[in-house]
Structure formats: C-alpha cells, structure tokens
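Residues per chain are reported as follows:
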Protein chains: 2
Amino acid sequence: MRKLINDPADVVTDALRGLAAAHPSLRVDPENRTIVRTDTAGSGKVALVSGGGSGHEPLHGGFVGYGMLDAAAPGEVFTSPVPDQILAATTAVHGGAGVLHVVKNYTGDVLNFRMAAELAEDEDIEVATVVVNDDVAVEDSTFTAGRRGTGATLFVEKIAGARAEEGADLAAVAEVAREVNERSRSFGVALSPCTVPAAGRPTFELGENEMELGIGIHGEPGRERATIRPAAEIVDVALTAIDADMPLAGEELLVLVNGMGGTPLIEQYIAFAAVSDWLAGHGATIGRSLVGPYVTSLEMAGCMVSVCRLTPELARLWDAPVETPALRWGR
Amino acid sequence: MRKLINDPADVVTDALRGLAAAHPSLRVDPENRTIVRTDTAGSGKVALVSGGGSGHEPLHGGFVGYGMLDAAAPGEVFTSPVPDQILAATTAVHGGAGVLHVVKNYTGDVLNFRMAAELAEDEDIEVATVVVNDDVAVEDSTFTAGRRGTGATLFVEKIAGARAEEGADLAAVAEVAREVNERSRSFGVALSPCTVPAAGRPTFELGENEMELGIGIHGEPGRERATIRPAAEIVDVALTAIDADMPLAGEELLVLVNGMGGTPLIEQYIAFAAVSDWLAGHGATIGRSLVGPYVTSLEMAGCMVSVCRLTPELARLWDAPVETPALRWGR
C-alpha cells in the first residue's frame, strides 16, 4: 500500500495521537477514541456531539472547537463508533442544557448513536438527534436505508454549533440542524477508489478511464459507471441531479466543493469554476462558499458538490466565528 | 488521466476562475495571471509579492490576504511566471513603501523575479528579494543551483507578512524573511509520482512498493529510491537529515507536516504523531504546528516535514492574525 502509516491496525490511534500533538487545546483520548473541547466546562450551553467512521478527516475531529462541535467519537476506518464511546463523548461535554447528536445516515451509526442516547438518558442527560441524509445519488445503499449523509454534515455542524454558541436551547439547536439538512443536497464523483488499510485492497475497481458518478464516502456504488469526462460535464451531472431533487433557480446558496482526499486543490478550484458557471446559467447565486478536502474518503480521487439553500438567518450563523483545527474564521 | 479538469491547456485559467468565484474579496485576473489583495490600497505598508509555477496550491494564491501576501503571480503548472506578470503584480500592490519578492530557489523563478525587480525599479518601485532555499535533501537539483525552496516558503510569507502588516519598513520585513529562511529546513517524501496535465504522463516512475526520499515539489529526484517503510521510519529519515544540517536539540520549533496533494489528512496526522515522538526523543519541543496540504505537488502522494527554529519574536509574528483563503486565524 502506498500509505503513510505504521501498522494498519494502529491507523486511528496513531492519527489521534497526531491530532493531540498538533492541537493541544483539544483533549484527545487515542485509546478510548474521543476528541473533546475543553473550554466549555460549566458554560451551560447545548453540547454538540458527532462521530462516525474514521477516514473522512477532518470530519469530525477537525470540527471540534468554538462554534462547532463539543466532542467527536471516531470509529475504526469506515466503521461506526460504538455506543460506549459515543456515551463517553456525550457525558464529557454535557453541561446541563442537553446534547445534540449529529449522525450521518448509515445503519450502524444510527443504531449506535440511538443506543448511546438511551444510555445518556438513563443518566438524565437530554439528547436530541439529527440524522443527516443529503446525498441525492441513491435512495438506499450498501450501508443505509434511505439516503446517505455526506457533505452537508459540515453545514449542519457549523450552523447548529453557532446557534448553540449563542445560547439557544436544545429544541432550537435541533431545529436549525434539521432545517439545514432539509435545505441541503450533495452528489459525489470518484475518479479513483480508496483502500481501507486493514483490508489492503481497493474498496472497488475502476477501469483506466472510468469514474463512478454518485459515489458514497465509503466507496459504495453510486448511480453509474462512466468514462471520465471534463470537469464541467461532471459538475453538470452532479448539479442536474441535485436540481432535479431540490430546485435551485432563484436560490442563494452555500456551496461546498469538497475534495475526496486524493484530488489536489487546483482541481477542486477547477470544479468550483464549473459550479459557478452552472449556477449562473440556472439562475442561482453563490452566497457563501468553501473549497477544500473537508469530508474525505481516504485517498479517493474525485469531488463532492454540496449545496444548502440559504436564508438570511442561516447565512448569519454560517458567518459566525468558528475556531476548530479545520475551520477557523472571524473570532 | 484521472484528473478533474477540462482542456489540459486551460488548467491554470480554470483554477483561477474558480479562485475568483470562491473568494470575491480577491481581485483575480485569470488571463494575466495575477491574484491581488484589494483592501490595502493607500495603506502605505510594505507589499509582499510571491509566485511560481502552479500545481502547488494553495501556495501562493491561497496565501493572498490580510497578514500574508499582497499579490501572487502563478505560472503554468510547474513553470515559472514571466517577468511581465510578476511586474504587474508588483505594480498593482505597490503602496510607496516598497515591495518584498518572496522567491523559491528555482533557476527560472530567480531569473524572472530578478528581471521583474529591475523593471519595477525602472518605475521607481523599491524591491527587496528573499530567496527561499530550505530543502536539505539535495545541494543542486534538476531545476536549481543550490537548495530548493519548498515548505518554508509558507513560514516566510506568513511571518514577513505579519511584520509588514504592523508597519515595518522594507529592510525590516526583508530581514525577518531571511531570518525565517535561515532558521528553516524541509525534507519531502513521495509515495507516488504526479502528472503534469499538459504532459499526460507521470513526471517519474515508482515501483509498486517504492518511494522517493528527498523528493522535490516538481517530482525532481531526491536522495534515494527506497522501499516503502512505516511512517515512523520515513519521518526518521526526514528529521535525521534536517537535524544533521541544523541541530534541533534544545530548540522550540514551528513544525509543518505538509501533505503533497494526494495523501489524505489522516495520514498527515499519523506522520505528525511520528514527528512529535521523534522530536520528544531528541530534545526538541513543538512550539507551533500546522498539518495539511499547503505546499503541494499536484496529486503526488507523500508528505514534507518543515521546521523553523522559533524565537519569541518569530512565534509572536506566526501567531499574528491572518486572513487568506488557506490560512485564517485570530483576527
């Protein structure tokens, strides 16, 4: 494997040790697999907890900090975190105002977060849950009943985190999280597969000039295997699929062009130019934007386009200060 | 090619159109290839201009903004910008206090920046130049006489940019830029080659289990072709080479673990853990750190380790607010 790793069995532990060393302001427990923000003890604010399989970095651990998540529970690569781990993250950040669980819609994640929420409620911690399911590519997939949760998870965590930071109660934070999810859609494209370290072989095969349209973030199949096309045509497929599901004309959008892990930034900006052209030609405007590898799939090449139909209130919350390893601005 | 591009001839123009669309606060000219910060007109501060071949994004265009560069001049992929282009960037941001050119040590870059500086001086613009040459891997290389300029370019641009922002004169800004370069060293490793779009084939070949130790950021050869090893051993090679050139024991360091473009963040954090372990075992401390793909080489897999021996003053300037597409904090 062409990977910068030690023992494949230690990938998550080693990466968490690196996260701890690079970001001393976070409390990272590499053994028990929790990443916790330390500056909110006793603040009484609603706490946000997310998690899921590793291999999507910076999601979720890189989004722990002021204005976003209070804790993250990373599982093994492409594997759900276990309930005890999610419970540990939840109890660590609970400040009396309740906890919002942000869960991507994968069967294992949904089950384990539900079990953790029940355990937390046994300890008199109020938990609300938002399940993110923004991916329009397929209705059901390898790991889901219903749509997959992908790029919009970042939107939900940022905007709900801002709402919690300004003192909203659990119902209000959960409400804005659900609103963001309902107003968001994503579509991803893979130009190469990726390899789970413990498996040692690619999650799927692609021919020399093939791509997978509608890819999932674990390499699960999308809509169509096709020959590689110019970026503008790839973006057209993605935005046409999104627009068919949630009309974009007349909307002001938050747009994420997200690198999948192996595609360099120069290509992500080329894709963003194509997105900008497409939206201008279809009567939508870009109100806010983000370009970079934020919700990745190990070293998969390709990109995902995620959009959220903004309201003035959602734009205000997007602009609010954030200070995490992967997103920082304006504080 | 498994690339998210349109016509290979349009790669740089398309990427600059994307940069313009994503960052409306920058004035990007995709045809004349300049990226200019617009909020300093008439400020009278020293201006910082950098540039070089494209394919290293976010370097340099992603570093244009408050507290860092005033303008960047991107050439074609892995090709120096031309003197007229550098001159256009220089005149666009000149505010009366002179301009610092930050130049990576490649023959074409050095020549073209020198010519642009002479042309600027003909227009009574005072120009000082710092040549960055931090790469300890080789003494001369495919594109250089002397050492290559790589990851420390980010350190120079950030710290000199902070000094300019607080009103230092050209001599003082140039002095701190040279000081950072002299106190910095880098060493890179490639786990895969990369492909220049216009060429259509990899810049070099690597066997299935091979890596290149001491790689340059254009795929130019390093010190040694070796079989792929665990991350901790790769980091040991890099830091041993740096330490032999500039002893690290007893130093407080600014550390960058830099993804080369095709290596995902989870692996960069694994490398950072190894760097942290190595430094702890050799009597050096990590004062500041950065992990991410900042000085890339298209889709090359691998990483570069860059270190700068901090002083309290350099740490203060590193911590100073910055607001660019790729680096943002603290304003």
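Basis of the calculations
Residues numbered from 1 in each chain as written. Chains lettered and ligands numbered in written order. Predicted model: local features only at pLDDT ≥ 70, side-chain atom pairs only at ≥ 80, totals over all residues. Heavy atoms only, no water. Helix = DSSP H or I, 4+ residues; strand = E, 2+ residues; numbered from the N terminus. Buried < 20%, exposed > 50% of the residue type's maximum accessible area, 1.4 Å probe, protein only. Contact = heavy atoms within 4.5 Å. Lys, Arg positive; Asp, Glu negative; His and termini not counted. Charge placed at Lys NZ, Arg CZ, Asp CG, Glu CD. Least-squares fit on C-alpha atoms with pLDDT ≥ 70 in both. Buried area = accessible area lost by both parts, 1.4 Å probe. Salt bridge = Lys/Arg side-chain N within 4 Å of Asp/Glu carboxyl O. Polar contact = N/O pair within 3.5 Å; in protein donor to acceptor, adjacent residues only side chain to side chain. Pairing = 2+ DSSP bridges. Axes fitted to C-alpha atoms, helices over the stretch in contact; angles between N-to-C directions. Parallel < 35°, antiparallel > 145°, perpendicular 65-115°, else oblique. Left-handed = near helix turned anticlockwise from the far one by under 90°. Nonpolar A, V, L, I, M, F, W, Y, C, P; charged D, E, K, R; others polar. 1 Å grid on protein atoms, 1.4 Å probe; cavity = no way out; pocket = protein on both sides within 12 Å on 5 of 7 lines; lining within 4 Å. Points joined across faces, edges and corners; volume = space filled by probe spheres on them. pLDDT = per-residue confidence, 0-100. Phe/Tyr/Trp six-rings, centres within 6.5 Å; stacked < 30°, edge-to-face > 60°.

**Student:** Teacher, can you tell me more about the overall build of chain A here?
**Tutor:** Helix and strand counts for chain A stand at eight helices and 14 strands. Judged by the C-alpha coordinates and their principal axes, chain A covers about 55 × 50 × 35 Å. Counting only residues that meet the buried cut, chain A has 64% of its 331 residues in that class. Long-range pairs, those at least 24 residues apart, make up 72% of the contacts in chain A between residues at least 6 apart in sequence. Computed over 25 positive and 46 negative side-chain charges, the separation of the two mean positions in chain A equals 3 Å.

**Student:** Mind showing me how you'd approach the relation of the copies chain B and chain A here?
**Tutor:** Copy one and copy two of the chain differ by a rotation about an axis and a translation along that axis. When chain B is fitted onto chain A, the two copies agree to an RMSD of 0.0 Å after a turn of 180° and an axial shift of 0.0 Å. Taken together, the turn and the small shift mark the pair as related by a two-fold rotation axis. In terms of C-alpha distance to the rotation axis, chain B has Gly262(B) as its closest residue, with the C-alpha 2.0 Å off the axis. In this assembly the copies share their binding face: 100% of the residues contributing to the interface of chain B also contribute to that of chain A.

**Student:** Help me out: how do you make sense of the interface of chain B and chain A in this one?
**Tutor:** You'll often see interface size given as the accessible area lost when the parts meet. On the chain A side, the residues contacting the 56 residues of chain B number 57 residues. Interface area for chain B against chain A, summed over the two sides, is near 4600 Å², with a carbon-plus-sulfur share of 61%. Broken down residue by residue, the surface that chain B buries against chain A is led by Arg2(B), Leu4(B) and Ile266(B), which jointly contribute 20%. One salt bridge in this structure joins Asp277(B) and Arg17(A), with 3.0 Å as the shortest N-O distance. Between chain B and chain A we count 22 residue pairs in polar contact (both at pLDDT 80 or more) in total. Elements that contribute at least two residues to the side of chain B that touches chain A include exactly helix 1 (11-22), helix 6 (231-245), helix 7 (265-281), strand 11 (285-292) and strand 14 (328-329) of chain B. Sort the elements by how many residues they give to the side of chain B that touches chain A and helix 7 of chain B lands first, with ten residues.

**Student:** Please clarify how the pairing of strand 8 (residues 210-213) of chain B should be interpreted in this entry.
**Tutor:** Within a regular beta strand, the side chains point alternately toward one face of the sheet and then the other, so they alternate between its two faces. Residue and element names in this part refer to chain B. Here strand 7 (residues 184-190) pairs with strand 8 via two bridges, running antiparallel. Each bridged residue has a counterpart across the sheet, and for Val189 the counterpart in strand 8 is Leu213. With four bridges connecting them, strand 8 and strand 9 (residues 224-227) associate as antiparallel partners. Each bridged residue has a counterpart across the sheet, and for Leu213 the counterpart in strand 9 is Glu224.

**Student:** Even after reading the chapter, I still don't get the packing of helix 6 (residues 231-245) of chain A against helix 7 (residues 265-281) of chain A, so can you show me in this structure?
**Tutor:** The angle between the axes and the distance between the axes are what describe a pair of packed helices. Residues and elements named next belong to chain A. Relative to each other, helix 6 and helix 7 sit at 50°, their axes nearing to 9 Å. Considering their axes alone, helix 6 and helix 7 lie oblique with respect to each other. Judged by the sense of rotation from one axis to the other, the crossing of helix 6 with helix 7 is right-handed. Contacts between helix 6 and helix 7 involve Ala231, Ala232, Val235, Asp236, Leu239, Thr240 and Asp243 from the first element and Ile270, Ala271, Ala274, Val275, Trp278 and Leu279 from the second. Split into classes, the residues belonging to the contact of helix 6 with helix 7 amount to ten nonpolar, one polar and two charged.

**Student:** What is the right way to look at the layout of surface pockets in this model?
**Tutor:** It is a probe the size of a water molecule, rolled over the atoms, that shows where empty space is left. The calculated volume of the second largest pocket comes to roughly 1200 Å³. Lining the second largest pocket are 38 residues, and of these Arg2(A), Ser192(A), Pro193(A), Arg2(B) and Ser192(B) sit closest to its centre.

**Student:** Explanation requested: the pattern of salt bridges in the structure shown.
**Tutor:** One side chain can pair with another of opposite charge once the charged atoms of both are near each other. Residues and elements named next belong to chain B. Per the stated rule, a full pass over the model turns up 42 salt bridges over all chains. We note a salt bridge from Lys45 to Asp70, for which the minimum N-O separation is 2.8 Å. Taken together, the residues span a long stretch of sequence, with Lys45 in the loop between strand 2 (34-37) and strand 3 (47-54) and Asp70 in the loop between strand 3 and strand 4 (71-77) at a distance of 25 residues. Note on Lys45: relative accessible area 10%, which makes it buried. Under the relative-accessibility criterion, Asp70 is labelled buried at 1%. For Asp319, the salt bridge identified is with Arg288, shortest N-O distance 2.7 Å. Here Asp319 is found in helix 8 (residues 312-319), whereas its partner Arg288 is found in strand 11, with 31 residues between them in sequence.

**Student:** Would you explain the confidence of the model for chain A in this entry?
**Tutor:** Low pLDDT means the predicted coordinates in that region are not meant to be read closely. When pLDDT is averaged along chain A, the result is 96, and 100% of the positions lie at 70 or above. The complex model carries a pTM of 0.97, and its ipTM stands at 0.97.

**Student:** What's the story with the packing of aromatic side chains in this structure? I'm lost.
**Tutor:** What describes a pair of aromatic rings is the distance from one ring centre to the other and the angle between the planes of the rings. All names here are of chain A. As enumerated under the stated definition, the model contains four aromatic pairs over all chains in all. A centroid spacing of 5.4 Å and a plane angle of 55° characterise the contact between Trp318 and Trp329, whose relative ring orientation is tilted. One end of the pair, Trp318, is in helix 8 (residues 312-319); the other, Trp329, is in strand 14 (residues 328-329), and eleven residues separate them in sequence. For Trp318, a relative accessible area of 3% corresponds to the buried category.

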